[in-house]
Amino acid sequence: MRIRGGNSSDFDVFRQVFVLEEYGCARAIKDPRCIIDLGANVGFASAYLLTCFPDASLLAVEPDPANYELLKQNLAPYGGRARPVLGAAWSRNATLRLMPGVYGDGREWATMVASSEEGEAGSVAGFDVPTLCGMLGTDGIDLLKIDIERSELELFDRSTCHWLDKVRNICIELHGHDCEEKVLSALTDFDYERSQSGELAVFRNIRRRSR
């Protein structure tokens with residue numbers, strides 16, 4: 001794995017993924033074949049999941065160009081099983097502004113995106129979940145990993161009716177109580193088993209509640 005030195009957040013992400021094994025919670029998921037990693041950073045979580053599940057294919061989505069360059073290098077050993085995408089998860093396909101250094105500690109793991117103002121040139125493509133599924137060549141997601149620095153407020157809006165039925169399991173880092181409320185509201189009509197793994201909220205066996 002390639003990792004940046006100095007004051008980079010890469011060491012902290014590496015520790016979370018490979019030392020603390022926060023994504024070890026995903027091992028309880030039975031035979032996931034289609035995985036989407038939203039907010040893939042430099043690819044540590046993607047590499048962990050691809051190693052855990054050798055029959056899985058994974059789409060790794062990252063909006064920051066510098067992170068994305070390392071993401072491509074770190075996922076190269078997985079060949080066609082891994083597809084890096086430069087872009088951000090959003091409620092619709094759109095052009096977004098990249099906002100580094102304005103959230104959290106301002107390091108590489110905290111880059112945000114936001115809607116472009118009218119007439120403003122955006123710097124990154126935003127994709128909705130159905131579009132990302134098309135890139136992976138699937139109609140369903142066995143595992144959706146999400147760490148998108150408060151963009152969960154946008155992702156889990158009313159558009160979830162177009163894709164949430166297709167998701168079996170979610171591992172998400174929630175960035176604030178309002179983000180948690182937004183996700184739980186989107187899951188109102190679903191049953192699931194919830195647990196916690198470090199900073200991750202885990203929703204397993206998601207299925208629409210029978211009426």
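You'll find the structure just up there.
Colleague: Before we move on, could you go through the nonpolar core and cite the residues and values that matter?
Modeller: Of all hydrophobic cores here, the largest spans 31 residues; its most connected members are Leu38 and Ile170. Counting residues per element, this core draws most heavily on helix H4 (residues 129-136), at four residues. The next biggest cluster of nonpolar side chains, apart from the first, holds 30 residues, and it includes Ala26, Ala47, Leu50 and Val202.

Colleague: Any chance you could break down the packing of aromatic side chains for me, citing the residues and the numbers?
Modeller: This model, assessed by the stated rule, comprises six aromatic pairs. Ring geometry for Phe14 versus Phe44: centroids 5.6 Å apart, planes at 90 degrees, classification edge-to-face. Of this pair, Phe14 sits in helix H1 (residues 10-19) while Phe44 sits in helix H2 (residues 44-52), and the two are 30 residues apart along the sequence. With a relative accessible area of 31%, Phe14 lands in the partly exposed category.

Colleague: Describe the packing of H1 against H2, with residues and values.
Modeller: The contact between H1 and H2 brings their axes to 9 Å, and the two run at 25 degrees. As summarised for this structure, H1 and H2 are arranged roughly parallel, according to the angle between their axes. With respect to the hand of their crossing, H1 and H2 are arranged in right-handed fashion. Taking contact as the criterion, the partners of Asp10, Val13, Phe14, Val17 and Phe18 in H1 are, on H2, Phe44, Ala45 and Tyr48. Taken together, the residues that form the contact of H1 with H2 break down as seven nonpolar, no polar and one charged.

Parameters at a glance
Residues numbered from 1 in each chain as written. Predicted model: local features only at pLDDT ≥ 70, side-chain atom pairs only at ≥ 80, totals over all residues. Heavy atoms only, no water. Core = buried A, V, L, I, M, F, W, Y, C linked by side-chain atoms within 4.5 Å. Buried < 20%, exposed > 50% of the residue type's maximum accessible area, 1.4 Å probe, protein only. Helix = DSSP H or I, 4+ residues; strand = E, 2+ residues; numbered from the N terminus. Phe/Tyr/Trp six-rings, centres within 6.5 Å; stacked < 30°, edge-to-face > 60°. Axes fitted to C-alpha atoms, helices over the stretch in contact; angles between N-to-C directions. Parallel < 35°, antiparallel > 145°, perpendicular 65-115°, else oblique. Left-handed = near helix turned anticlockwise from the far one by under 90°. Contact = heavy atoms within 4.5 Å. Nonpolar A, V, L, I, M, F, W, Y, C, P; charged D, E, K, R; others polar.

Shape is all these values report; function is a separate question.
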